[in-house]
Amino acid sequence: VPMVGFSSLYRLYPQQPTWSSVVKRVLDAPSVRGRGRGVHSGARNTPARLPFSHIIEEDVAFFTRLLAGRAVTDPDVLAACNTDWLKSVQGKSELLLRPQTTEEVSQILRYCNERNLAVSPQGGNTGLVGGSVPVFDEIILSTALMNKVLTFNTVSGILTCQAGCVLESLSQYLEELDFIMPLDLGAKGSCHIGGNVATNAGGLRLLRYGSLRGTVLGLEVVLADGRVLNCLSDLRKDNTGYDLKQLFIGSEGTLGVITAVSILCPRKPKSVNVAFLGCLTFQNLLETFQCSRGMLGEILSAFEFLDAACMKLLERHLQLTNPITESPFYIVIETAGSNATHDEEKLHKFLEEVMTSSLVTDGTVATEETKIKALWSLRERITEALTHDGFTYKYDISLPVEKIYQLVNDMRDHLGNKAKNVVGYGHVGDGNLHLNITSPSKDPSLLAAIEPYVYEWTSSVQGSISAEHGLGLKKRNYIYYSKPSEAVALMGNIKAILDPRGILNPYKTLPDDLH
């Protein structure tokens, strides 16, 4: 189907204000002109419902005919899909759709666009910013049944699969073929690859294999009006015009519904080692990181950290055992290479260097798979441990590496005894801090003390308020702390072209002043 120009789209829907007209008004407004880093438009937690149509019996009948038993209205089933993983956001959708094919997604969106019905795309629903559940009564479009591997090229290592494939299932499929996924997350047992791409998920392997913006070679996307944009590619080089797939990577389902992905997968390393180390100071930790990059070089695949407060939560709530002497900071280092003797020799020299120079006070190394998993669990299960500590306020911040832990210390000083725990962990290799603050229960006064302080602090050091979780519902109005108003307005223009009625994942990613 030929692409429709913006002017044609406007003629199709003259009764609705276009996104670009709204963007122009916002950009021209005195309150926005000159808005700089560190200023935001106000952060209402709950937006006002936009004038979308309400679902009627005829709509349910249409979807029931189309999906044959996969249009769900059972309140018990819908309850789980209406609630996010953190149990912090609650939607009111009364209809869950489970397509199996791209054509079914196309027909669903075409119908919803004509009826002005809002849609909430949903994968594994493991998001942490409220981006994967409805805010009001949006129709939930689940990719759970779109879970087939379409092709895999054992020469190039390019995998093409449907968007609903679970990340861990893809990893198991590839490992049998001597390959791995370039992405690894703590939520791998539940998250979908389509959702990973839609949120540009980072994870534990980004240091070695880069972000999804580099490893995703192609996408198939269904646009708001039902058109299928087939940009699936198995080419690593394609310099013909704009790289349209990049629009949808990280767009959180607001521009189109990803239905299939082509992704470049590396060979499975023949030798994997994991070291778990202790440091007395964060400066020692940073110097250990610098040393690891120089001495481990091409085999360094991960460099993660957690603080002593995280370790206490792991011990208290999950009964995990600290394998080394108690320390203020802990490091998880993974090496992955093709020659076990060579890798172990490099790792041994590195460990000797950091121990003799007193950068590291204690440590242990694992080469067997079960022991490797045990060490990784000390990093991957922190989120789980936090859920047992009370209500958690989660922040995913990108900072200059040397500033990572300063925010944790400053937040502790800022909050005093208002919080139960303030902990920090994350990906040192890419400057990504996960700042988590717990309280016995949901506490509006604590939240008011955290926000916008955390975003102002981040902006003051030229960081990003979202490193890998996205903006979703919770952070949408803080976008101006990381992006200038001109960039936000341009995002609104792109939304206007691709989704003029704004039916795709409304109330997410873009700030309220663009709605």
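So, how was this worked out
Every chain's residues receive numbers from 1 upward, in the order its sequence appears when written. Only residues with pLDDT of 70 or above have their local features reported here, since the model is predicted, and side-chain atom pairs are shown and tallied only from 80 upward, although totals for entire chains, interfaces and linings are computed over all residues. Hydrogens and waters are ignored; side-chain quantities use all the structure's heavy atoms. Here the rule is simple: two strands pair whenever DSSP picks up at least two bridges between them. Under the DSSP-based scheme used, a helix requires at least four consecutive residues in state H or I and a strand at least two consecutive residues in state E, with every element numbered from the N terminus. Angles here are taken between N-to-C directions and fall from 0 to 180 degrees, while the axes themselves are lines fitted to C-alpha atoms, restricted in helices to the stretch in contact. Any two residues whose heavy atoms approach within 4.5 Å at even a single point are treated as in contact. Here a crossing is taken to be left-handed if its near helix is turned anticlockwise relative to the far helix by less than a right angle, and right-handed if that turn runs clockwise. Amino acid classes used here: Ala, Val, Leu, Ile, Met, Phe, Trp, Tyr, Cys and Pro are nonpolar; Asp, Glu, Lys and Arg are charged; the rest, including Gly, are polar. Take the buried residues of types Ala, Val, Leu, Ile, Met, Phe, Trp, Tyr and Cys, join any two whose side-chain atoms come within 4.5 Å, and each joined set is a nonpolar core. When a residue's accessible area, from a 1.4 Å probe over protein chains only, is under 20% of the maximum for its type it is buried; when over 50% it is exposed; and in between it is partly exposed. Under the rule applied, a polar contact is a pair of N or O atoms within 3.5 Å (in protein, one hydrogen donor and one hydrogen acceptor; residues adjacent in sequence only if both atoms are side-chain atoms).

Draft legend 1. Layout of the sheet that holds strand S7 (residues 216-222). The strand order across the open sheet formed by 5 strands is S5-S6-S9-S7-S8, and the pairing between neighbours is antiparallel. Pairing within the sheet leaves two strands with one partner each, and these edge strands are strand S5 (149-153) and strand S8 (228-231). Taken over all neighbouring pairs, the strand axes of this sheet differ in orientation by 10 degrees on average, direction set aside. Relative to strand S6 (residues 158-162), S5 runs antiparallel, the two sharing 4 bridges. By the bridge assignment for S6, Asn153 is matched with Ile158. The sheet strands contacting helix H5 (residues 102-115) are S7, S8 and strand S9 (257-264), and the helix crosses S7 at an angle near 45 degrees.

Draft legend 2. Spotlight on the packing of helix H16 (residues 404-415) against helix H18 (residues 453-460). Orientation of H16 relative to H18, taken along the N-to-C sense of each, is 145 degrees, at an axis distance of 11 Å. Crossing hand, H16 versus H18: right-handed. Contacts between H16 and H18 involve Gln406, Leu407, Asp410, Met411 and His414 from the former and Tyr453, Val454, Trp457 and Thr458 from the latter. The residue makeup of the contact of H16 with H18, split by class, is 5 nonpolar, 3 polar and 1 charged.

Draft legend 3. Examining the nonpolar core more closely. One finds Leu435 and Ile437 to be the most contacted residues of the largest nonpolar core, which totals 54 residues. In this view, Ile437 contacts Phe391, Thr392, Tyr393, Tyr395, Met411, Leu415, Ala419, Asn421, Val422, Leu446 and Ile450; residues no more than four positions away in its chain are not counted.

Draft legend 4. Structural context of the environment of Asn477. Structurally, Asn477 is set in the loop between H18 and helix H19 (485-498). Taking the C-alpha atoms as reference points, Asn477 and Val422, separated by 55 residues in sequence, lie 24 Å from one another. Side-chain polar atoms of Asn477 contact the backbone nitrogen of Asp512, separated by 2.8 Å.

Everything listed is a geometric property; what it means functionally is a separate question.
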